[in-house]
Amino acid sequence: MPVTRSDSCQSGVHGPVVVACGRSDRVVVVNFKELTAASGPLVLADLSGYTSFLRDVAEAHPDAFAGGAVPNAYGLISSLLDGIIRHLAPPFTLSKIEGDAVFVFAEDADVVPRGSDLLECLHACYADFQQTLGEARAATLCTCGVCSRDTLDLKFVLHAGPFVLQPIGGGRELSGPEVVMAHRLLKSDAAALTGNRAYALTSDAAVARFRIPTDLAVPLVESFEHYPPITVHVFPL
Ligand SMILES: [Zn+2]
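Just so it is clear, the model here is predicted, and its values are computed rather than measured.

Digging into the overall build of the chain
When its secondary structure is counted, the chain shows six helices and 10 strands. Across the 237 residues that make up the chain, the buried fraction comes to 28%. Within the chain, residue pairs in contact and separated by at least 24 positions form 63% of the contacts whose partners lie at least 6 positions apart.

Regarding helix H4 (residues 177-184)
One turn of an α-helix holds 3.6 residues; hence residues three or four places apart share an orientation. Regarding H4, the residues found buried are Val179, Met181 and Ala182. The buried residues of H4 occupy one face: seen down the axis, they fall within an arc of 160°. Contacts from the buried residues of H4 go to strand S3 (36-48), strand S6 (153-168), strand S7 (171-175) and strand S10 (230-236).

Let's talk about the nonpolar core
In this structure, Val43, Ala45, Phe156, Ala200 and Leu201 are the most contacted members of the largest nonpolar core, which totals 52 residues. The element contributing the most residues to this core is helix H3 (residues 115-140), with seven residues.

Concerning the environment of Val112
Within the secondary structure layout, Val112 lies in the loop between strand S5 (101-105) and H3. C-beta crowding within 10 Å serves as the criterion here: with 21 such atoms nearby, Val112 is assigned to the buried category. Between the alpha carbons of Val112 and Pro41 there is a distance of 8.2 Å; along the sequence they are 71 residues apart. In this view, Val112 contacts Pro41, Pro91, Phe92, Ala106, Leu118 and Phe210; residues no more than four positions away in its chain are not counted.

A short note on the pairing of strand S8 (residues 199-203)
Counting buried residues in S8 gives five out of five residues, a clear majority hidden from the surface. Here S8 shows a buried face lined by Tyr199, Leu201 and Ser203 and a second buried face lined by Ala200 and Thr202. Pairing of S6 with S8, which is carried by four bridges, proceeds in the parallel orientation. By the bridge assignment, Val157 is partnered in S8 with Leu201. Relative to S10, S8 is paired through five bridges, and the arrangement is antiparallel. Looking across to S10, one finds that Tyr199 is bridged to Pro236.

Thoughts on the environment of Ser148
Looking at the secondary structure, you find Ser148 in the loop between H3 and S6. Along the backbone, Ser148 and Arg137 are 11 residues apart, and their C-alpha atoms lie at a distance of 7.2 Å.

Remarks on the environment of Ala58
Position of Ala58 relative to the elements: it lies in helix H1 (residues 50-60). Residue classification places Ala58 among the partly exposed residues on the basis of 14 C-beta atoms within 10 Å. With 89 residues separating them along the chain, Ala58 and Cys147 place their C-alpha atoms 9.9 Å apart.

Here's the deal with the confidence of the model for the chain
Per-residue confidence for the chain gives a mean pLDDT of 86; residues scoring 70 or more make up 86%. Confidence scores differ between elements of the chain, with strand S1 (residues 17-20) showing the lowest mean pLDDT of 60 and H4 the highest of 97.

A closer look at unusual backbone geometry
With an omega dihedral of -5°, the bond running from Ala89 to Pro90 counts as a cis peptide bond. Positionally, Pro90 belongs in the loop between helix H2 (72-88) and strand S4 (93-98). Going from Pro90 to Pro91, the amide bond is cis rather than trans, its omega being 15°. With a phi close to 50°, Arg211 is a non-glycine residue in the positive phi region. Mapped onto the fold, Arg211 is located in the loop between helix H6 (204-210) and strand S9 (218-222). Although it is not a glycine, His226 sits at a positive phi angle of roughly 75°.

Some words on the pairing of S7
In this sheet, S7 lies alongside S6 in antiparallel orientation, the contact comprising five bridges. Within the sheet, the bridge partner assigned to Pro167 lies in S7 and is Arg172.

Definitions and cut-offs
- All residue numbers here refer to positions counted from 1 along the written sequence of the relevant chain.
- With the structure being a predicted model, the display of local features is reserved for residues of pLDDT at least 70 and the display and counting of side-chain atom pairs for 80 or more, all residues being used for whole-chain, interface and lining totals.
- Secondary structure elements follow DSSP: runs of H or I no shorter than four residues count as helices, runs of E no shorter than two count as strands, and numbering proceeds from the N terminus.
- Neighbour density around each residue's C-beta defines its exposure: 20 or more other C-beta atoms within 10 Å make it buried, 12 or fewer make it exposed, and counts between make it partly exposed, where C-beta atoms are placed from the backbone.
- What counts as a contact is two residues whose backbone-derived C-beta atoms lie within 7 Å of each other.
- The arc under discussion is defined with respect to the helix axis, by the directions toward the C-beta atoms.
- The term nonpolar core means buried Ala, Val, Leu, Ile, Met, Phe, Trp, Tyr and Cys residues held together as one set by C-beta atoms within 7 Å.
- We treat two strands as partners when DSSP finds at least two bridges between them.
- Each residue carries a pLDDT value, the predictor's own confidence for that position, ranging from 0 to 100.

Have a look at this one:
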């Protein structure tokens, strides 16, 4: 039996495309109907020092997992990520937690503050992060050199552009080259350039879209494979 498919185009407004292959019993249904195109802000809030913190805590307390126990450091991380989400969503929508990062977005860019108010939103989130970090550390962590070491910090990436919301595995996944770019920007040289692990990095696209003043930012051009060079603006926090 030959491969068959519908006459659907790529506009995303048509129904499922059924592709049947005669070499097996497999029938593949490609569902374009539930795809949603949007264009808006993409924000990542990323914990710096997360991996080394948890590794160092485990090394400092080799019996921390004994008998099914969970080291307090994990509770601290939960509190920090919870606080970030509370601060950003709303006005943003939570996409997901990606280990040490919170990924939020907005389908309707009008719900997001403009200009310096948007920067202030990130500043406020950072201030809350620092307060939670100090309070939780004092309340729950031991005072050994590792647990009390100042290794955790927070940085933000703010990008903007078109993306697609795809229903995958019962959730909604954001896809598209600008989503990939937002994640690539987490690997920027901003920390080395500014000498500050805590910063908000905004892409040129986000600056233009949300009319963000850049007088206090450090400009930087980043290059990533498969993309043209991208200009970003780094605000130390
Ligand atoms: Zn300790």
